[in-house]
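Coordinate analysis (summary)
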Amino acid sequence: MSISRRTALRTSLVTGASGLLLAGSAVGTAAADPTPQATDADSALKLLKQGNRRWRNLEQHHPHEGAARRAEVAAGQSPFALIVACADSRVAPELVFDRGLGDLFTVRSAGQVLDESVLGSIVYGVEHLHIPLIVVVGHSSCGAVTAAVEAHETGQVPGGHVGYLVEQILPVVEATPDDGGDFVDACVSANALHIAELLRDDPELSGHVASGALRVVAARYELDTAKVNYLQ
Ligand SMILES: [Zn+2]
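Here, residues in each chain are numbered from 1, in the same order as that chain's written sequence. This being a predicted model, a pLDDT of at least 70 is required before a residue's local features are given, and a value of 80 or more before pairs of side-chain atoms are given or counted; all residues contribute to the totals for chains, interfaces and linings. Remark: hydrogens and water are excluded; side-chain values derive from all non-hydrogen atoms of the structure.

1. As for the coordination of the zinc ion
Ideal values differ by geometry: the angle at a metal is 109.5 degrees with four tetrahedral donors, but 90 or 180 degrees with six octahedral donors. Looking at the zinc ion, the protein donor atoms are Cys86 (SG), His139 (NE2) and Cys142 (SG), and they sit 2.0 to 2.3 Å from it. For Na, K and Ca the donor cutoff is 3.2 Å, while for all other metals N, O and S atoms must lie within 2.8 Å; water is not among the atoms, so some sites may look incomplete. All donor residues of the zinc ion come from one chain, and their arrangement in sequence is C-x52-H-x2-C. Each of the two residues, histidine 139 as well as cysteine 142, counts as buried. Here's how the labels work: a residue is buried when its accessible area is under 20% of the maximum for its type, exposed when over 50%, partly exposed in between, all with a 1.4 Å probe on protein chains only.

2. Some thoughts on a negative patch on the surface
Patch definition: residues with relative accessible area over 30% and no salt bridge; like charges joined within 9 Å; nonpolar side chains (Val, Leu, Ile, Met, Phe, Trp, Tyr) joined within 5 Å. Working definition of accessibility: Shrake-Rupley area with a 1.4 Å probe, residue cover restricted to the visible protein chains. Throughout this description, the term salt bridge denotes a Lys or Arg side-chain nitrogen within 4 Å of a carboxyl oxygen of Asp or Glu. Charge assignment: positive for Lys and Arg, negative for Asp and Glu; neither His nor the chain ends contribute. In this description, the location of a charge corresponds to atom NZ of lysine, CZ of arginine, CG of aspartate or CD of glutamate. On the surface, Glu150, Glu153, Asp178 and Asp179 cluster together into a patch of negative charge. Overall, aspartate 178 belongs to the exposed group, its relative accessible area being 53%.

3. Regarding the pattern of salt bridges
In total, this model carries eight salt bridges according to the counting rule given. Taking the shortest distance from any N to any O, the salt bridge between arginine 69 and aspartate 103 comes out at 2.9 Å. Here aspartate 103 lies in the loop between α5 (93–96) and β2 (104–108) and arginine 69 lies in helix α4 (residues 67–74), a separation of 34 residues in the sequence. Neither arginine 69 nor aspartate 103 differs from the other in exposure class; each is buried. Through salt bridges with shared partners, a single network forms among Arg69, Glu72, Arg99 and Asp103. Helix numbers and strand numbers start at the N terminus; a helix is a DSSP run of H or I with at least 4 residues, a strand a run of E with at least 2.

4. Focus on the sheet that holds strand β3 (residues 133–139)
In space, the five strands of this open sheet follow the order β2-β1-β3-β4-β5, with mixed pairing throughout. What marks the edges here is a single partner per strand, and that holds for β2 and β5 (228–230). Within this sheet the neighbouring strands show an average axis-to-axis angle of 30 degrees, counted without direction. Where strand β4 (residues 215–221) meets β5, three bridges bridge the pair, whose relative direction is antiparallel. When DSSP finds two or more bridges between a pair of strands, those strands are recorded as paired. Convention adopted: a line fitted to C-alpha atoms gives each axis, helices being fitted over their contacting stretch, and angles between N-to-C directions are expressed from 0 to 180 degrees.

5. Some points on the packing of helix α8 (residues 160–175) against helix α9 (residues 183–201)
Here α8 crosses α9 at 115 degrees, and the two axes come no closer than 9 Å. One way to sum up the angle between α8 and α9 is to call them roughly perpendicular. Two packed elements cross with a definite hand, and for α8 against α9 that hand is right-handed. Here Ile169, Val172 and Val173 of α8 come into contact with α9, specifically with Phe183, Cys187, Ala190, Asn191 and His194. To sort the angles, those under 35 degrees are grouped as roughly parallel, those over 145 as roughly antiparallel, those from 65 to 115 as roughly perpendicular, and the leftovers as oblique. If you view the pair so one helix is near and one far, a crossing is left-handed when the near helix is turned anticlockwise from the far one by less than a right angle, and right-handed when it is turned clockwise. The criterion used for residue contact is that any of the two residues' heavy atoms lie within 4.5 Å.

6. Digging into helix α6 (residues 116–127)
With twelve residues, α6 ought to run about 16 Å at 1.5 Å a step, and its terminal C-alpha atoms sit 16 Å apart, in line with that. Here α6 has its buried residues at Val118, Leu119, Ile122, Val123, Gly125 and Val126. One face of α6 carries all of its buried residues, which in axial projection span an arc of 160 degrees. Structural note: α6 exposes Glu116 and Ser117 on the side pointing more than 90 degrees away from its buried face. Here the buried face of α6 lies against β1 (81–85), β2, β3, α9 and α10 (206–211). Think of a polar contact as two N or O atoms within 3.5 Å of one another; within protein, one of them needs to be a possible hydrogen donor and the other a possible acceptor, and neighboring residues in sequence only count if both atoms come from side chains. Looking at where α6 begins, the residue whose side-chain oxygen comes 3.0 Å from the main-chain nitrogen of serine 117 is aspartate 115. A helix is expected to reach a length of 1.5 Å times the quantity of its residues less one. The directions from the helix axis to the C-beta atoms form the arc being described.

Here's what the structure looks like:
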């Protein structure tokens with residue numbers, strides 16, 4: 001079984017020669033659909049937490065990057081988690097959760113703002129790919145949330161497409177109490193929680209939540225520690 005040179009190099013740097021065998025055996029065999037690694041929210045969340053622990057400790061496995069996995073997912077996908085994340089370049093889900101090809105269905109927009117395209121993508125992942133877990137991932141120092149806080153403080157909302165983003169986040173900023181601490185940071189958490197709530201209450205998703213087939217959780221990624229903290 002061949003694995004990519006990059007994976008081999010990274011793995012050998014971290015774990016030595018024995019890691020190569022582990023990486024090789026982890027990519028699985030070709031099939032019509034990859035075997036889901038997690039079919040319920042608890043198992044999916046566990047995989048994400050394990051992956052983020054590897055990431056923040058610089059012990060990544062870089063799973064599912066090799067030739068066998070590429071062939072496997074060419075025939076179909078079975079991602080185990082749906083990540084709704086900010087578009088920020090420092091919050092790449094496959095990196096911060098140490099996952100590979102076909103593992104995560106990711107939908108990203110600045111500030112994780114929902115619109116019809118984002119919602120349509122999410123509903124597709126839940127209804128057609130039967131993903132059991134959605135994680136809304138905000139992050140510290142979010143530029144979109146910062147722009148909404150500035151608009152709140154100055155009364156000046158930017159124009160154009162960026163203005164749309166700011167307008168979507170503004171109600172969260174206005175509803176967040178300013179207790180004298182880091183207000184942008186408080187709004188980052190409030191925004192992730194709000195978006196998770198919107199998804200749970202969405203008419204096309206709420207039935208899946210009620211039946212227990214889907215769980216939606218809010219989280220935030222800390223740029224300084226590389227840790228994903230779960231808010232609920
Ligand atoms: Zn952001």
